[in-house]
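Commentary on secondary and tertiary structure
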Amino acid sequence: MTSSSDAYPVPATPYRATGSLQGRTILMSGGSRGIGLAIARRAARDGANVVLLAKTGEPHAKLEGTVYSAAEELEAAGGSALPLVGDVRNDDDVARAVDAAVDRFGGIDVVINNASAIDLSPTDTVDMKRYDLMQDINVRGTFLLSKLALPALRKSSGGHILTLSPPLNLDPKWAGRHLAYTIAKYGMSLTTLGLAEELRNDGICVNSLWPRTLIDTAAIRNMAGGESMVRAARGPEIMADAAHAVLTGTADRAGERTNGTVNTGNFYTDEQVLAAAGVTDFRPYSLGADEADLVQDIFL
């Protein structure tokens, strides 16, 4: 393993961490590309152990990266990585990932529910296979990975479940625009809400994190008009820095400044958390667009 900064260049962002994930073990669903990989790289720079459970073991025609290439990046960034090819919809694959994390690194400190499927089709045209896919990956996968990791998280000195899902905004327009996807993403958020309350006395924090603006990802680029959409988006590093802030305790202060809550049961946005960490200029995260021209993400 190499920790040379030349092996993977550290992006210049305005976030200055006050905590570290060194030695912590993270189990993440997905993570072979996009936001998940950015979050994992940021943790790896601290010296974290990262276990990636992702489906892409072989190069994909339309999607960049595999779980193995992602692990190489994490090792180059300074962390320890365990790549596992598996499907978060499969009970045995998830159980195997939990066992592998405990066997390799001695436990699990953080679960990140990153894997997610998206289809913004209206009810008339959404394919039911896509509907089932979103339910199985987004809702069931989040529930399953969190559930099976609970025994290990309870043994951690500071267990944390972080899910990439939106605030539970019950404005009817979001259900009306893309009902199938809204049900799936809100199912992830309901898992945050319920587990935070269920685990409140177990020493496990449970939170959700969502971007305020569009983020440049393969999922966005592969949508109709996606190439033009990402020009009004931010890079995934903003979510990586925000996740790092949540997992290292900066979000405790974010909660205190906004609604007085402790660091569990919260639905954070990236900007909220990073503002609490002292970031005042978000322009370095943009991909060239002026701040006023950035597209706000859905569900906000």
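Residues numbered from 1 in each chain as written. Predicted model: local features only at pLDDT ≥ 70, side-chain atom pairs only at ≥ 80, totals over all residues. Heavy atoms only, no water.

Attention shifts here to the overall build of the protein chain. When you go through the protein chain residue by residue, the secondary structure sums to 11 helices and seven strands. Expected size for 300 residues packed as a compact globule is a radius of gyration near 19 Å; at 18 Å, the protein chain falls within 12% of this value. Projected onto its principal axes, the C-alpha positions of the protein chain cover 50 × 45 × 40 Å. Of all 300 residues assigned to the protein chain, the portion counted as buried reaches 54%. Within the protein chain, counting contacts between residues at least 6 apart in sequence, those at least 24 apart form 75% of the total. Looking at the protein chain as shown, the accessible area adds up to about 13,100 Å², and 50% of this sits on carbon and sulfur atoms. Charge separation in the protein chain, taken as the distance between the mean sites of 28 positive and 36 negative side-chain charges, equals 1 Å. (Helix = DSSP H or I, 4+ residues; strand = E, 2+ residues; numbered from the N terminus. Rg over C-alpha atoms; globule rule 2.2 N^0.38 Å. Buried < 20%, exposed > 50% of the residue type's maximum accessible area, 1.4 Å probe, protein only. Contact = heavy atoms within 4.5 Å. Areas by Shrake-Rupley, 256 points an atom, 1.4 Å probe, with all protein chains shown as cover. Lys, Arg positive; Asp, Glu negative; His and termini not counted. Charge placed at Lys NZ, Arg CZ, Asp CG, Glu CD.)

Below, the discussion takes up the packing of helix H3 (residues 91–105) against helix H4 (residues 128–155). Relative orientation and spacing of two packed helices are given, respectively, by the angle between their axes and the distance between those axes. Their axes nearest at 10 Å, the elements H3 and H4 cross at an angle of 35 degrees. Crossing of H3 over H4 shows right-handed handedness. Where H3 approaches H4, its residues Asp 91, Val 94, Ala 95, Val 98 and Val 102 are matched on the opposing element by Arg 140, Leu 144, Leu 145, Leu 148, Ala 149 and Ala 152. For the contact of H3 with H4, a count of residues per class yields nine nonpolar, no polar and two charged. (Axes fitted to C-alpha atoms, helices over the stretch in contact; angles between N-to-C directions. Left-handed = near helix turned anticlockwise from the far one by under 90°. Nonpolar A, V, L, I, M, F, W, Y, C, P; charged D, E, K, R; others polar.)

The contact between H4 and helix H6 (residues 179–198) brings their axes to 8 Å, and the two run at 10 degrees. As far as their axial angle goes, H6 and H4 are roughly parallel. In contact with Tyr 131, Met 134, Gln 135, Asn 138, Val 139, Thr 142, Phe 143 and Ser 146 of H4, H6 contributes Ala 180, Tyr 181, Ile 183, Ala 184, Lys 185, Gly 187, Met 188, Thr 191 and Leu 195. Residues that form the contact of H4 with H6 fall into these classes: 10 nonpolar, six polar and one charged. (Parallel < 35°, antiparallel > 145°, perpendicular 65-115°, else oblique.)

Residue placement: Gly 78 occurs in the loop between helix H2 (67–77) and strand E3 (80–85). The exposure class assigned to Gly 78 is buried, which follows from its relative accessible area of 18%. Taking the C-alpha atoms as reference points, Gly 78 and Asn 49, separated by 29 residues in sequence, lie 9.6 Å from one another.

For Phe 299, which is not glycine, the phi torsion reads 75 degrees and is therefore positive. With respect to the helices, strands and loops of the structure, Phe 299 is situated in the segment after helix H11 (270–276).

What follows deals with the pairing of E3. In the sheet, strand E2 (residues 49–54) pairs with E3 via six bridges, with the strands oriented parallel. Bridge pairing in E3 places Leu 53 opposite Leu 84. Assessed by its sense of winding, the connection that carries the chain from E2 through H2 to E3 is right-handed. (Pairing = 2+ DSSP bridges. Right-handed = clockwise from strand over helix to strand, strands pointing away.)

Quick look at the layout of surface pockets now. Estimated volume of the largest pocket: approximately 1,400 Å³. Along the wall of the largest pocket there are 45 residues; nearest its centre are Ala 115, Ser 116, Ala 117, Ile 118 and Ala 219. When residues of the lining of the largest pocket are traced back to their parent elements, those giving at least two are helix H1 (34–46), E2, H4, H6 and helix H7 (218–221). Looking at the lining of the largest pocket residue by residue, the classes come out as 24 nonpolar, 13 polar and eight charged. Arg 33, Gly 34, Leu 37, Glu 64 and Ala 218 are the residues nearest the centre of the second largest pocket, which is lined by 20 residues in total. (1 Å grid on protein atoms, 1.4 Å probe; cavity = no way out; pocket = protein on both sides within 12 Å on 5 of 7 lines; lining within 4 Å. Points joined across faces, edges and corners; volume = space filled by probe spheres on them.)

Moving on, we get to empty space enclosed by the protein. One pass over the full model with this rule turns up two cavities of 30 Å³ or more. For the largest cavity, the calculated volume is near 90 Å³. What lines the largest cavity is a set of 10 residues, among which Pro 11, Ala 38, Arg 42, Arg 45 and Glu 237 lie closest to the centre. Looking at the lining of the largest cavity, the elements that each hand over two or more residues are H1 and helix H9 (237–247). By residue number, the principal contributor to the lining of the largest cavity is H1, which donates four residues. Approximately 40 Å³ is the volume found for the second largest cavity. Lining the second largest cavity are Leu 21, Ile 26, Ile 39, Arg 42, Ala 43, Ile 112, Ala 240, Ala 243, His 244 and Leu 247. Those elements that place two or more of their residues in the lining of the second largest cavity are H1 and H9.

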